[in-house]
Amino acid sequence: CLSLHTVFARQMLSDKTVYSCLINAALEVGDPERAMAMLHRYGSVALDTEDYILFFRTYVALNDVDSAEATFTKLGPSATTLMLNLLLLTCVNARQPERGLNCLQKAHAVERPEAKIVDVVSYNTIIKGFAQA
């Protein structure tokens, strides 16, 4: 399917299901740069909050802390625990545990009592980052 995308990318509709499959395929074959290149088209359609997981998975693969943090900030209190944990993993993988801790504190500030974002995995990820530093 990635070969077809290469040939027919300009003619393809910006469909979130199609691009979700393509981005996942690129990540599966170890080509996160290709996945990143497709995120713009994927994000050009109406996305539900949970659809942003693909952004975070791509950022983890690229160690792109800046994009991960910007997307998390954009989502604000609608971000999920999985999104936070992927952001923190991106920080840890990029050897930036202090930045991860800062993101964890920001997540506490925006989470709502009825919809917690931070969990035990969040803290474990940060601890792992400092242990590896």
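Look up a bit, the structure's there.
The structure contained in this document is the topic of the report that follows. None of these values were measured; they are calculated from a predicted model.

Helix length check: helix H8 (residues 120-132) (13 residues) gives 18 Å between terminal C-alpha atoms against 18 Å at 1.5 Å per residue, within 8%. The inward-facing, buried residues of H8 abut helix H6 (81-93) and helix H7 (97-110). If you check the start of H8, you find a side-chain oxygen 3.1 Å away from the backbone N of Val121, and it comes from Asp119.

Of note, Glu111 is situated in the loop between H7 and H8. With no salt bridge to any partner, buried Glu111 finds its closest opposite charge in Lys116, at an N-O distance of 4.1 Å. Looking at Glu111, its side chain comes within polar contact range of the side chain of His108, at 2.9 Å. Polar side-chain contacts of Glu111 include one of 3.1 Å to the backbone nitrogen of Val118. Look past the residues within four positions of Glu111 in its chain and what remains in contact with it is Lys116, Ile117 and Val118.

Interhelical geometry of helix H5 (residues 65-75) versus H7 gives an angle of 5° and a closest axis separation of 12 Å. Classed by the angle they form, the pair H5 and H7 counts as roughly parallel. Listed contacts from H7 to Val65, Asp66, Glu69 and Phe72 of H5 are Arg99, Cys103, Lys106 and Ala107. Of the residues belonging to the contact of H5 with H7, the class tally is 4 nonpolar, no polar and 4 charged.

One pass over the structure, following the stated rule, counts 6 salt bridges. Between Lys16 and Asp48 there is a salt bridge; the shortest N-O distance is 3.4 Å. On the criterion of sequence distance, the pair formed by Lys16 in helix H2 (residues 16-28) and Asp48 in the loop between helix H3 (32-43) and helix H4 (53-62) is long-range, its members being 32 residues apart. Overall, the relative accessible area of 25% leaves Lys16 in the partly exposed class. Between Glu114 and Arg112 there is a salt bridge, and its shortest N-O distance comes to 3.0 Å.

What counts, and at which threshold
Residues numbered from 1 in each chain as written. Predicted model: local features only at pLDDT ≥ 70, side-chain atom pairs only at ≥ 80, totals over all residues. Heavy atoms only, no water. Helix = DSSP H or I, 4+ residues; strand = E, 2+ residues; numbered from the N terminus. Expected span 1.5 Å × (residues − 1). Contact = heavy atoms within 4.5 Å. Polar contact = N/O pair within 3.5 Å; in protein donor to acceptor, adjacent residues only side chain to side chain. Buried < 20%, exposed > 50% of the residue type's maximum accessible area, 1.4 Å probe, protein only. Lys, Arg positive; Asp, Glu negative; His and termini not counted. Salt bridge = Lys/Arg side-chain N within 4 Å of Asp/Glu carboxyl O. Axes fitted to C-alpha atoms, helices over the stretch in contact; angles between N-to-C directions. Parallel < 35°, antiparallel > 145°, perpendicular 65-115°, else oblique. Nonpolar A, V, L, I, M, F, W, Y, C, P; charged D, E, K, R; others polar.

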